[in-house]
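Secondary and tertiary structure notes
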Amino acid sequence: MSFFNRTLISLLCLFSALSPSVAAPLQQSPFYANGAYYQLDNKQVMGRIENIYYANIAQLHGVAVPAKIDTGADTTSIHALNIHVQSQHPQLKHLHDEALLKAIAEHFGDPSTEWWLDSFDTPERNIQASVSFDLVHPQTGKLIPVQRPLARISGIQGRGEHGILYRPVVELLLSSGELKVTTAVNLTDRSTFSYPILIGKTFLKNHAWVDSSYNYLQQEAQASVLGSKETAYLGKQALAVSFSFYYRRSSLDARNIEVDLKRQQVSFDVITPQQRQRLSAPLLRMLKIGENQQPVVNLTLDFGQTSKSIELVLRDRSAFSSQLRLGTEALNQHFMIDLSANYLSEQGLSKAIDYHPKALMMSPNEEIKLEGVDFSATPSLAVKTSLMRVKRLKTLERSGHAKSIAAFSATDKQGKTFVFEQDIQRNITVGEQTRPIISPILKLGERTLQADIALEQTTADKPETLLIGERFVDGPLLINTRTENIFNKTPPIKAGYVEQAQVEGIAIAVKLDTGADLSSMHAEDIEYFDKQGKPWVKFTYRNKAGVEQQFTREVVGRMVIKARVGETADSRPVVEMQAKLGELSKRIRVNLQNRANFNYSMILGKNFLRHGVLVSSDAPYLLTKPLH
């Protein structure tokens, strides 16, 4: 039975309750135990990042291309180079490329009517235009020539004084998961962006929901399970492997790096205790890390009998114990980590969906309750027994009490300090330090679990934290980097791409934009000032419905918006606002910008939508009623 046949249902399957010391099973038919949807209402659920495939381009058959899934984008956009447009229309054939696109938009009517967003395939237009362009092979960097008829033109609102930027649009057959969609595709140079494809409404409408709390959701069922210690092979060369649950990029220890920009090749040495070899690989791009530019390549690595193509930054890792570090992008695409096991690849990798029935899955960011108090928790590859670093720690002896007592204070996830007393079950020695072990009852969402936790008082270089180690549960402990807060997953909120939200008590029509990391709000008359040594901002919010409100907020950060080719980056102040959509209310960070040229005065981005909002591109107002 295929994975999706097992997952075609309409009810959310959550973890069942855990009794003390017993983990919930990983696989509960028909869903994973993390409560994720893979399909809903007969439509595929996509994460915020997914693999996309060119279904009818032979040179790219079966090659995964990472893509951002963006409900805020009307069109789908792909990275293309050497884009050329020509027409056989008698009045247009002397024009090419940008001049031709602009003339097409102006020739057949007023550009402000946006007729050019519709198909050109009509007798009265008969534009007879075609587009030639190159796609970039994501693994080799090789240019793949493609030619397609010009389907229409896309008009993108430029920033500042750039006005409308015209882009050629062609039709391509794209697939993801079990979806295959012939969709209009906007061709542009996306070399400055993190992902070469942006999937917009032209692909998503009538086909998919988008869950911003996940990256590579559709890859989860295919994930292979690695141990916390592993060996990968580059040819016959054995590489010690380490993992990062927070850094996106993977890196390979490389020496004597020589980059040939003209040939787009890089040569380098890979050195292990047993072997040294000189390799060459196609250069995908140069990546700025700190003050240095490091080459990026794609190499095939073997994990036992399993081979994976992984994008790697080449850099000197001689100061580290591993030659290969896998970051979250590679983990999200290919793997989960069993914190309690080592060298699983030597036994043959299992798929996570078929893994140990008593496995407990967690993400790098969780919330765990200890005596009713919420603490942020994260898995750690450095500890065996889970470790809680606390603000203060004392050992007490009480007459008539058989065990010593650990009295400690700790700061919860909201920054409040609480005092606890727990019986000390035993002590462990780590280096020259003795740590008391407590065994409290913990709440993991709706589940309970009794686990050993070592206590350690914080120091200047070791702040308060709750680190989850390999002995947290009796069975395997799987780390899934694709999402967060698995322990507290709630049934999803289904919403349209536009909804009515309450923002600081003001009813606003907001756009739900899975492509935006941070929410954004219209602001005019921005004034900066200092208050008690901190930056503050005063601004006015206005919208087309006549609503106007002044706000004064502390500036909690600044956000730099990546520029399209030909534009400059934009820096915006970031403040905190209270936003409510349906029953979901969160205090979130919002960047301030003048959105007068946009249809909506506010967008809610990933930092709000990740709290369980599934966004549809089919229609607006699926959750709320429109403003009148």
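Scope of this entry: the structure provided in the associated data block. If you're wondering where the values come from, they're calculated on a predicted model, not measured in any experiment.

The strand order across the open sheet built from 9 strands is β34-β35-β38-β30-β39-β29-β28-β36-β37, with neighbouring strands paired in mixed fashion. Here the strands that pair on one side only, and so sit at the sheet edges, are β34 (426-430) and β37 (447-450). The mean inter-strand angle of the sheet, taken between neighbouring strand axes irrespective of direction, is 35 degrees. Of the pairings in the sheet, the one linking strand β35 (residues 433-438) to strand β38 (residues 453-457) comprises 2 bridges and is antiparallel in character. Within the sheet, the bridge partner assigned to I438 lies in β38 and is I453.

Pairing geometry for strand β45 (residues 524-531) and strand β46 (residues 534-542), over 6 bridges, is antiparallel. Directly across from F529, in β46, lies its bridge partner W536. Pairing analysis gives 7 bridges linking β46 to strand β47 (residues 548-554), with the strands arranged antiparallel. What sits directly across from W536, in β47, is E554. Connecting the antiparallel pair β46 and β47 is a turn made up of 5 residues, with G546 showing a positive phi of about 90 degrees.

Right, let's talk about unusual backbone geometry for a bit. Although it is not a glycine, N256 adopts a positive phi angle of roughly 50 degrees. Its place among the elements puts N256 in strand β19 (residues 255-260).

What the 3 strands build is an open sheet, ordered β31-β32-β33; its pairing is antiparallel. One side of each edge strand has no neighbouring strand; the edge strands of this open sheet are β31 (392-396) and β33 (417-423). Going from strand to strand, the sheet's axes swing by 20 degrees on average, the running direction of each strand aside.

What follows is about the pattern of salt bridges. All chains considered together, the criterion is met by 27 salt bridges. For R263, the salt bridge identified is with D260, shortest N-O distance 3.8 Å. Using a relative accessible area of 57% as the deciding quantity, one classes R263 as exposed. Given a relative accessible area of 26%, D260 falls into the partly exposed group. The residue E470 makes a salt bridge to K384 at a minimum N-O spacing of 3.9 Å. With a gap of 86 residues between them, E470 in the loop between β39 (465-468) and β40 (477-479) and K384 in the loop between β29 (373-379) and β30 (386-390) connect regions that are remote in the sequence. Assessed through its relative accessible area of 47%, K384 is described here as partly exposed. Put simply, E258, D269, R276 and R278 are held in one network by salt bridges that share partners.

The rules behind the values
Throughout this description, residue numbers start from 1 for each chain and increase along the sequence as written. A pLDDT threshold of at least 70 governs which residues receive local features in this predicted model, and a stricter bar of 80 or more applies before side-chain atom pairs are shown or counted, although totals over entire chains, interfaces and linings include all residues. Hydrogen atoms and water are omitted, and side-chain values are computed over all heavy atoms in the structure. At least two bridges found by DSSP between two strands is the condition for calling them paired. Secondary structure elements follow DSSP: runs of H or I of four or more residues count as helices, runs of E of two or more count as strands, with numbering from the N terminus. Only the contacting stretch of a helix is used when fitting its axis, a line to C-alpha atoms as for every element, and angles between N-to-C directions run 0 to 180 degrees. Salt-bridge detection follows one rule: a side-chain nitrogen of Lys or Arg within 4 Å of a carboxyl oxygen of Asp or Glu. Relative accessible area decides the class of each residue, using a 1.4 Å probe on protein chains only: under 20% of the type maximum gives buried, over 50% gives exposed, and in between gives partly exposed.

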